[in-house]
Amino acid sequence: MSAQIQVGGIIPAQSVKENAADASTPLVLTGKNIIVGVPGAFTGTCHAQVPGYLEAYNEFKAKGVNEIYIFAVNDVFVTKAWKENLAPKGSPVHFIADDTAAFAKSVGLSFDATPLLGGSRSLRYVIVTNDDKVESVTVEADPGKLTNTAASVVLASL
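So, here's what we can say about the structure. Note that the structure is predicted; figures quoted are calculated from it, not measured.

Parameters at a glance
Residues numbered from 1 in each chain as written. Predicted model: local features only at pLDDT ≥ 70, side-chain atom pairs only at ≥ 80, totals over all residues. Heavy atoms only, no water. Helix = DSSP H or I, 4+ residues; strand = E, 2+ residues; numbered from the N terminus. Buried < 20%, exposed > 50% of the residue type's maximum accessible area, 1.4 Å probe, protein only. Contact = heavy atoms within 4.5 Å. Areas by Shrake-Rupley, 256 points an atom, 1.4 Å probe, with all protein chains shown as cover. Lys, Arg positive; Asp, Glu negative; His and termini not counted. Charge placed at Lys NZ, Arg CZ, Asp CG, Glu CD. Salt bridge = Lys/Arg side-chain N within 4 Å of Asp/Glu carboxyl O. Core = buried A, V, L, I, M, F, W, Y, C linked by side-chain atoms within 4.5 Å.

**Thoughts on the overall build of the chain**
Next, step 1: Assigned secondary structure in the chain consists of six helices and nine strands.
Next, step 2: Referenced to the eigenvectors of the C-alpha coordinate spread, the extents of the chain come out at roughly 40 × 40 × 30 Å.
Next, step 3: By the burial criterion, 46% of the 158 residues in the chain qualify as buried.
Next, step 4: When contacts within the chain are restricted to residue pairs at least 6 apart in sequence, long-range pairs at least 24 apart make up 68% of them.
Next, step 5: Carbon and sulfur atoms provide 54% of the accessible area of the chain, an area that totals close to 7,300 Å².
Next, step 6: Where the 12 positive side-chain charges of the chain centre and where its 15 negative ones centre are 3 Å apart.

Below, the structure written as structure tokens:
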């Protein structure tokens, strides 16, 4: 695992899976972006956290946010089902399958969740970027809790 990414750091270039298990596309960060990392789709705290980002999408846009990405350590079938469950009418928020926790590891924000979730998972975090440069990093001290990575808190900080 890499060291935790810091303010001023660069998000590592990599491809991500959003729509199909066999199709990766480069993660292109343009303008201000919100990257939300969660341990896993459908887990209690994650399932409570993400709707805030869906509901406040237009408020984030009004604050200059270009894109919102939800990174979950699950396969693309699960992340697509999760998005459909949370936003049955669709949403411009991107749900990204970090199926091997490669993204979380590359930014130094993974942990061993083997006893509970079967392997490496993402910590609960929010990274705000300007293009691929990190403007802020917020990490929950306990990935099972939702405090400083709640959408309302992040929105107020912009």
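**Details of the pattern of salt bridges**
Next, step 1: According to the stated counting rule, one finds two salt bridges in the structure shown.
Next, step 2: Of the charged contacts in the structure, one is a salt bridge between K32 and E135, with a shortest N-O distance of 2.7 Å. One end of the pair, K32, is in strand β3 (residues 32–38); the other, E135, is in strand β9 (residues 133–139), with 103 residues separating them in the sequence.
Next, step 3: A residue is classified by how much of its surface remains accessible, and K32, at 23% relative accessible area, is partly exposed.

**Remarks on the nonpolar core**
Next, step 1: In this structure, I34, Y53, F60, I68, I70 and W82 are the most contacted members of the largest nonpolar core, which totals 25 residues.
Next, step 2: For I70, the contacting residues outside a window of four places in its chain are V36, V38, V50, Y53, W82, V93, H94, F95 and I96.
Next, step 3: Grouped together as the second largest cluster of nonpolar side chains are 16 residues, I5, Y69, I96 and V134 included.

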